Structures are given as structure tokens and as C-alpha cells.
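Breakdown of the fold
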Amino acid sequence: MDWSVPPAWRPRRPTSSDAVDECPRLLLSACLLGQAVRYDGGHKHAPELVEALGRFAELIPLCPEAGAGLGIPRPPVDLHREGDRVRMCGVDDPAFDPTDALTDWCRQQAALLEAVGGCVLKARSPSCGIGSAPLHHPDGRETSTDGLFVAYVRANFPGLPMADEETLRDPVQLVGFREWVFSYAKREE
Ligand code: SF4
């Protein structure tokens, strides 16, 4: 896939005709859609989730790390606390620091984020994790935090519905997320 073109603009249409009237658009981690964008060149296809979301929403895949130009495959990265900031760096090479590249790419998605009704993202990713990305501290502790893309969204688009694929495996959570997306869209009108 040519990632020089922003992947967010390759929409996947709803799979159910009864959802087309007021069809919200959702950003979806591209690896969950089955696109081979992970650091190891693989994916994390979640076909049941894609099917369920596609019944009521147009799905727009995006991959922050591929979009920011880190390559496919690419060195694995994780998050480290440094003073009051969180730095993304290479697991094997701590000198590899794509924090600024990721952050710049996130800023470039502002117009896209204005136009969508929510995000469904990969759990525990240093970019896409929603409160679930491992964060390494100087004293050796490990806690959890938002991935860099999620941190940007939370800071700049408060209230935008977000959920990860693990949460949405629960049918009750999926129904709740759908309602959240539609109520967010109404609030925006
Ligand atoms: S979790 Fe996010 S950054 Fe990682 S491969 Fe999937 S879409 Fe890309």
C-alpha cells in the first residue's frame, strides 16, 4: 500500500443498507481492518468488529506510525516518561525517537478529526492505545497511558467517542459506543 497518500481517505462503506441515512464516520486502526501496517509487517484483523461497526458507520482506516513515515516494517517502539513529557523511542534502539514525527502527523489530522464521529483503536499500542499503552518510568515501574495519537485526540477533541477493540468485544459496550457516537453527532449539529 502506498502510504504517501494519507490512508485516512480510503473509506470503507457501511455493509448494511439500513445504516446509510445518518451514517457516521469512524476512524479505525488500519491493522484492525486487516491492513498489514504493523511494525512487523502483519495485521490484527478483527473481522467481527469490522462487520459490527460497518452496520452503522463508514470506516476510515488510519495508522499513525505508518502515516508518520516510520515505515512497514519498522523498529518496534514504546513509551517512556521523561520529566513532564512522554517520549516514544525504539525498543531495541532507545536513540530512535519518532516522537516529533508522530506528533506532527497527529496535528495534520485535525481536519479529519473534525469530520468524524469517533475512533476505534488498537489496544495497548504506543500510538493507538486508549489508556492501555505501557509507559516505562525511570525507576523501572510500568504503568499505562494513552498512545500518542490518543493523547492528541483527547487534548484537542474532548468528547470525541473512542473505544478499543477489546472493549467492543462486549456486545453491551458496542451498543453503548454506538449510542455515544450518534449522540456526539447530534451535539455537533
Ligand atoms: S496499532 Fe495503530 S500504529 Fe500500530 S499498526 Fe495498528 S494502526 Fe498502526
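In the block above lies the structure referred to throughout.
So, here's what we can say about the structure. Fair warning: this is a prediction, and the values are worked out from it, not measured in the lab. (Residues numbered from 1 in each chain as written. Predicted model: local features only at pLDDT ≥ 70, side-chain atom pairs only at ≥ 80, totals over all residues.)

**Observations concerning the overall build of the protein**
This is how the line gets drawn: For the purposes of this entry, the term helix denotes a DSSP run of H or I that reaches at least four residues, the term strand denotes a run of E that reaches at least two, and both are numbered from the N terminus. Any residue surrounded by 20 or more other C-beta atoms within 10 Å of its C-beta is treated as buried, while 12 or fewer makes it exposed and the intermediate range makes it partly exposed; C-beta atoms here are placed from the backbone. Working definition of a contact: two residues with C-beta atoms, positioned from the backbone, lying within 7 Å.
Within the protein one finds six helices and eight strands. Helices and strands in the protein line up, N terminus first, as β-α-β-α-β-β-α-α-β-β-β-α-β-α. The buried share among the 189 residues of the protein stands at 37%. Partitioning the intrachain contacts of the protein with sequence separation of at least 6 by distance along the chain shows that 62% fall at a separation of at least 24.

**Side note on the sheet that holds strand E3 (residues 77-82)**
Cut-off, in case you're wondering: A pair of strands is considered paired only if DSSP assigns at least 2 bridges between the two. The axes used here are C-alpha line fits, helices contributing only the stretch in contact, and every angle between their N-to-C directions lies in the interval 0 to 180 degrees.
Spatial strand order, E4-E3-E6-E7: four strands in an open sheet with mixed pairing. Bordering the open sheet on either side are strand E4 (85-90) and strand E7 (142-145), each of which pairs with just one other strand. For this sheet the average axis-to-axis angle between neighbouring strands, irrespective of direction, equals 40 degrees. Alignment of strand E6 (residues 133-136) against E7, held across four bridges, turns out to be antiparallel. Paired with Pro134 across the strands is Ser144, a residue of E7.

**Notes on the site of the ligand**
Inclusion rule: Near, as applied to residues and a molecule or strand, means the residue's backbone-placed C-beta atom lies within 6 Å of it. Here the nonpolar group is Ala, Val, Leu, Ile, Met, Phe, Trp, Tyr, Cys and Pro; Asp, Glu, Lys and Arg are the charged ones; every other residue, Gly included, is treated as polar.
Close contacts around the ligand come from 13 residues, with Cys31, Cys63, Lys122, Ser125 and Cys128 the closest. Element by element, the count of residues in the shell around the ligand is highest for helix H2 (residues 64-67), at three residues. The class makeup of the residues in the shell around the ligand is seven nonpolar, three polar and three charged.

**Quick look at the sheet that holds strand E2 (residues 58-62)**
What the four strands build is an open sheet, ordered E2-E1-E5-E8; its pairing is parallel. The sheet terminates laterally at E2 and strand E8 (162-164), the two strands that pair on one side only. On average, adjacent strands in this sheet sit at an angle of 25 degrees to one another, irrespective of strand direction. For strand E1 (residues 25-29) and E2, the ladder comprises five bridges, and the chain directions are parallel. Considered in E2, the bridge of Leu26 is made with Leu59. Those strands touched by helix H1 (residues 47-54) are E1, E2 and strand E5 (118-121), and its axis lies near 135 degrees from that of E2.

**Brief notes about the nonpolar core**
Here is the rule we go by: Throughout this description, the term nonpolar core refers to a group of buried Ala, Val, Leu, Ile, Met, Phe, Trp, Tyr and Cys residues whose C-beta atoms join them within 7 Å.
Of all hydrophobic cores here, the largest spans 46 residues; its most connected members are Leu26, Leu28, Leu53, Val120 and Val150. It is helix H5 (residues 148-156) that contributes the most residues to this core, six residues altogether. Once residues within four sequence positions are removed from consideration, Leu53 is found in contact with Leu26, Leu28, Leu59 and Val120.

**What to know about H1**
In plain terms, the rule: Think of the arc as the fan of directions from the helix axis to the C-beta atoms.
All of the buried residues in H1 are Leu49, Ala52 and Leu53. Mapping the buried residues of H1 onto a view down its axis gives an arc of 95 degrees, with all of them on the same face. The exposed set on the far side of H1, more than 90 degrees from its buried face, consists of Pro47 and Glu51.

**As for the packing of helix H3 (residues 99-108) against H5**
Note the following rule: Throughout, the term roughly parallel applies to angles under 35 degrees, roughly antiparallel to angles over 145, roughly perpendicular to angles from 65 to 115, and oblique to all others. Note on convention: the crossing is left-handed when the near helix lies turned anticlockwise from the far helix by less than a right angle, right-handed when the turn is clockwise.
Across the interface, H3 lies against H5 with an axial gap of 10 Å and an inter-helix angle of 40 degrees. Put simply, H3 runs oblique to H5. In the packing of H3 onto H5, the handedness of the crossing is right-handed. When H3 is examined against H5, the residues Leu102, Thr103 and Cys106 are found in contact with a partner set consisting of Leu148, Phe149 and Tyr152. Grouping the constituent residues of the contact of H3 with H5 by class yields five nonpolar, one polar and no charged.

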